[in-house]
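Residues per chain, in single letters:
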Amino acid sequence: MKIIGCDFHPSFQQIAMVDTETGEQTERRVMLAEAAEFYRGLSGPVRVGMEACGNTLWLERLLAELGHELWLGDAGRIRSMEVRKQKTDRRDAELLLRLMLENRFPRLWIPSTEQRDLRQLLIHRHKLVGMRRQVKNQLQHLALNQGVQQKRKLWTRTGRKLLEELPLAGWTAHRRKESLQLLDDLERRVGELDRAVEQAAEKDAVARLLQTHPGVGPITALAFAVTLGQIQRFQHSRQVVSYLGLNPSEHSSGGKQKTGSISKQGNTMVRSLLVEAGQSAARLDTELKRAYQRLKHRKHSAVAKVMVARKLAVRLYWIWKTQQPYAATRMQGSPSHPVAAV
């Protein structure tokens, strides 16, 4: 069997390879144009290990087509296993190979092609929503400069008419015209993507189950489902909270515990969707509403929103874990306290 440590770069790959049968070791740099020929020339069982990073889908497809096994590793944990500060492409490839040979490689779960495609749908929508928000902020700025403060009402039919009738001239008027055209185009595109997400969520059994929780729509449900992928990967809800970056950062030593703001080490898009869905859920669920109001008055509304998002993530985890809808789900460890009254 050939085991390969691959330090991947967009233009080349640094390879450290060993043949476990003959003991032969090989080191070389494989340029982008040579990669397909190099991997096709490998005979027998082949296992390739590399850090999880971007722009590797073409290589993953190539290895799958050739029947080679691919291991993706946690980049942070891999780097922490190297005690020396010297970092070169050659040393990185050797480290990957050594970890695989010693059975210490921090292997990650790899989502399916369908899950990755749905992620692209959600990411594309998320990016367009951000662009729409930026255009709206520009139009709000133009209105405020004319002494018009309508806030959310600016996006009603009356507000749109008021915005179009503002006495602007020159490039300011040109900016308003093109911003309104861009806003209309983005509204149309986002609407199309919303319908695509709804159709995908309707076909996904997990997304349909998660939507039984009040305030959770198809976008949040589908994003939660395709991001976590397999609920069996998480032994308890704390792992999900940490995976999404909703756990507090901590720096404790000498018996003193010090916690800070949330770690934000997870998926930014899913975390923001949970915060938005949490606000809707807090209006519909009595327990969440009570917890939100209590923390809002004691701390701050922003802290309360994050708390509700964390609680919502835990609830969605148990709904998925138990395969029970919202009204029937109970939290593990508290059999007498259901998520909602049955």
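These numbers come from a predicted model, not from an experiment.

Rules and cut-offs
Residues numbered from 1 in each chain as written. Predicted model: local features only at pLDDT ≥ 70, side-chain atom pairs only at ≥ 80, totals over all residues. Heavy atoms only, no water. Phe/Tyr/Trp six-rings, centres within 6.5 Å; stacked < 30°, edge-to-face > 60°. Lys NZ or Arg CZ within 6 Å of the ring centre and 35° of its normal. Helix = DSSP H or I, 4+ residues; strand = E, 2+ residues; numbered from the N terminus. Salt bridge = Lys/Arg side-chain N within 4 Å of Asp/Glu carboxyl O. Buried < 20%, exposed > 50% of the residue type's maximum accessible area, 1.4 Å probe, protein only. Pairing = 2+ DSSP bridges. Axes fitted to C-alpha atoms, helices over the stretch in contact; angles between N-to-C directions. Contact = heavy atoms within 4.5 Å. Core = buried A, V, L, I, M, F, W, Y, C linked by side-chain atoms within 4.5 Å. Expected span 1.5 Å × (residues − 1). Patch = residues over 30% accessible without salt bridge, like charges linked within 9 Å, V, L, I, M, F, W, Y side chains within 5 Å. Areas by Shrake-Rupley, 256 points an atom, 1.4 Å probe, with all protein chains shown as cover. Lys, Arg positive; Asp, Glu negative; His and termini not counted. Charge placed at Lys NZ, Arg CZ, Asp CG, Glu CD.

Details of the packing of aromatic side chains
A complete count under the given rule lists 6 aromatic pairs for this structure. If you follow R29 out to its NZ or CZ, it ends over the ring of F12, 4.0 Å from the centre.

Brief notes about the environment of R195
Secondary-structure assignment places R195 in helix α7 (residues 170–203). Distance from R195 to R98, taken between C-alpha atoms, is 48 Å for residues 97 residues apart in sequence.

Focus: the pattern of salt bridges
For the coordinates displayed, the defined rule picks out 23 salt bridges. Where E69 meets R107, a salt bridge forms, and the shortest distance between an N and an O atom there is 3.9 Å. With E69 in strand β5 (residues 69–73) and R107 in the loop between α4 (89–101) and α5 (113–145), the pair connects residues that are 38 residues apart, well separated along the chain. Residue R107 is classed as partly exposed on the basis of its relative accessible area, which comes to 48%. In this structure, E287 engages R315 in a salt bridge whose closest nitrogen and oxygen atoms are separated by 3.4 Å. With E287 in helix α12 (residues 286–298) and R315 in helix α13 (residues 301–322), this pair connects stretches of sequence that are 28 residues apart. Connected via shared salt-bridge partners are D185, R188, R189 and E192.

Side note on the sheet that holds strand β3 (residues 25–31)
The strand order β3-β2-β1-β4-β5 describes an open sheet built from 5 strands, whose pairing is mixed. Strands with a single pairing partner mark the edges of an open sheet, and in this sheet they are β3 and β5. Across the sheet, the mean angle from the axis of one strand to that of its neighbour is 20°, orientation sign disregarded. Pairing geometry for strand β4 (residues 46–51) and β5, over 5 bridges, is parallel. Along β5, the bridge assignment pairs R47 with E69. Each of β1 (2–8), β2 (12–19), β4 and β5 is contacted by helix α2 (residues 57–66), which is oriented at about 150° to β5, the strand it contacts most.

A word on the nonpolar core
Counting residues in hydrophobic clusters, the biggest one holds 58 residues, and the most contacted among them are L222, F224, L244 and L274. Elements represented by at least two residues in this core include exactly α5, α7, α8 (205–210), α9 (218–228), α10 (237–243), α11 (268–284) and α13. The contact partners of L222, leaving out residues within four places of it in the chain, are L118, L122, V197, A200, A201, D204 and A207.

Re α7
Residues spaced three or four apart along an α-helix point in a common direction, a consequence of the helix completing one turn every 3.6 residues. With 34 residues, α7 ought to run about 50 Å at 1.5 Å a step, and its terminal C-alpha atoms sit 50 Å apart, in line with that. When we look at burial in α7, the residues that qualify are A173, R176, S179, L180, L183, L186, V190, G191, L193, V197, A200 and A201. Check the buried side of α7 and you find it contacts α5, α6 (157–164), α8 and α9.

Topic: a positive patch on the surface
On the surface, a cluster of positive charge is made up of R290, R294, R298, K299 and K311. Ranked by the residues each element gives to the positive patch, the list is headed by α12, at 3 residues. Counting through the fold element by element, R290 comes out in helix α12. By relative accessible area, which is 49% here, R290 ends up partly exposed.

What about the pairing of β2?
The buried count for β2 comes to 8 of 8 residues, which makes it a mostly enclosed element. Here β2 shows two buried faces, one formed by F12, Q14, A16 and V18 and the other by Q13, I15, M17 and D19. Two elements, β1 and β2, share 7 bridges in a ladder whose sense is antiparallel. Paired with G5 across the bridge in β2 is A16. Here β1 hands over to β2 after 3 residues, the two strands then running antiparallel side by side. Sheet analysis places β2 next to β3, joined by 7 bridges and oriented antiparallel. Bridging across to β3, A16 finds its partner in E27. Connecting the antiparallel pair β2 and β3 is a turn made up of 5 residues, with G23 showing a positive phi of about 80°.

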